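# Survey of secondary and tertiary structure
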Amino acid sequence: DGSISGTMTLPQPPLLAVEKTTLVFPIQTGQNVGDDKNRCDMNVRGQGGWTAEITSGADWFTIQKTGDILSVKMNGDNTTGRYREGNIRITRSGNASNPINVAITQTPN
């Protein structure tokens, strides 16, 4: 009869996905970093929702969640000329296993 029977399995979307796992902000020594040009927005998708927390570097950057967007913004001045490093941990709501870590770096020029 020309028909084919069977099953096809479609790939499932990931339970948690982050647009970027590394953010690098090049900053000149003494540059004021308090304005919006030193901000990055990234898409985050998590089945059942997601949460984000700063696990290191909270003294020089902040995060804000708006829907499926996580905004990372530097605050204060980097007058040291040294590298600053931080980390954000993103997890699915209600499931702390398999978090995604996002490395944040501010490089001197």
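Above this note sits the structure.
A brief look at the structure comes next. Source: prediction; values computed, not measured.

### Considerations on the overall build of the protein
A tally of helices and strands in the protein yields 0 helices and 8 strands. In the protein, the succession of α and β elements from N to C terminus is β-β-β-β-β-β-β-β. Burial statistics for the protein: of 109 residues in total, 30% are counted as buried. Taking all contacts inside the protein whose residues are at least 6 apart in sequence as the whole, residues at least 24 apart take part in 66%.

### Let's talk about the nonpolar core
Grouped burial of nonpolar side chains is what soluble globular proteins tend to show. Counting 18 residues, the largest nonpolar core has Leu23, Val72, Ile88, Ile90, Val102 and Ile104 as the members making the most contacts within it. Where this core is concerned, the elements lending two or more residues are strand S1 (16–18), strand S2 (22–27), strand S3 (39–46), strand S6 (69–74), strand S7 (84–92) and strand S8 (95–108). The contacts of Ile90, once residues within four sequence positions are left out, are Leu16, Val18, Val44, Trp50, Thr51, Ala52, Leu70, Pro99, Ile100 and Val102.

### Observations concerning the pattern of salt bridges
Under the defined criterion, the tally for this structure stands at 3 salt bridges. Ionic pairing is found between Asp68 and Arg45, a salt bridge with its closest N-O pair at 2.5 Å. Of this pair, Asp68 sits in the loop between strand S5 (61–66) and S6 while Arg45 sits in strand S3, and the two are 23 residues apart along the sequence. Judged by relative accessible area, Asp68 falls into the partly exposed class, the value being 36%.

### So, unusual backbone geometry
Backbone geometry at Asn98 places phi at a positive 60°, although glycine is not the residue there. With respect to the secondary-structure elements, Asn98 resides in strand S8. Owing to a relative accessible area of 65%, Asn98 belongs among the exposed residues under this scheme.

### Let's talk about the sheet that holds S6
Strand pairing in a sheet takes place through backbone hydrogen bonds and is either antiparallel or parallel in direction. Strand order across the open sheet formed by 4 strands is S1-S3-S6-S5, with antiparallel pairing between neighbours. The open sheet has two edge strands with one neighbour each: S1 and S5. Ignoring which end each strand starts from, the neighbouring axes of this sheet average 20° apart.

Thresholds, definitions, all that
- Residues numbered from 1 in each chain as written.
- Predicted model: local features only at pLDDT ≥ 70, side-chain atom pairs only at ≥ 80, totals over all residues.
- Heavy atoms only, no water.
- Helix = DSSP H or I, 4+ residues; strand = E, 2+ residues; numbered from the N terminus.
- Buried < 20%, exposed > 50% of the residue type's maximum accessible area, 1.4 Å probe, protein only.
- Contact = heavy atoms within 4.5 Å.
- Core = buried A, V, L, I, M, F, W, Y, C linked by side-chain atoms within 4.5 Å.
- Salt bridge = Lys/Arg side-chain N within 4 Å of Asp/Glu carboxyl O.
- Pairing = 2+ DSSP bridges.
- Axes fitted to C-alpha atoms, helices over the stretch in contact; angles between N-to-C directions.

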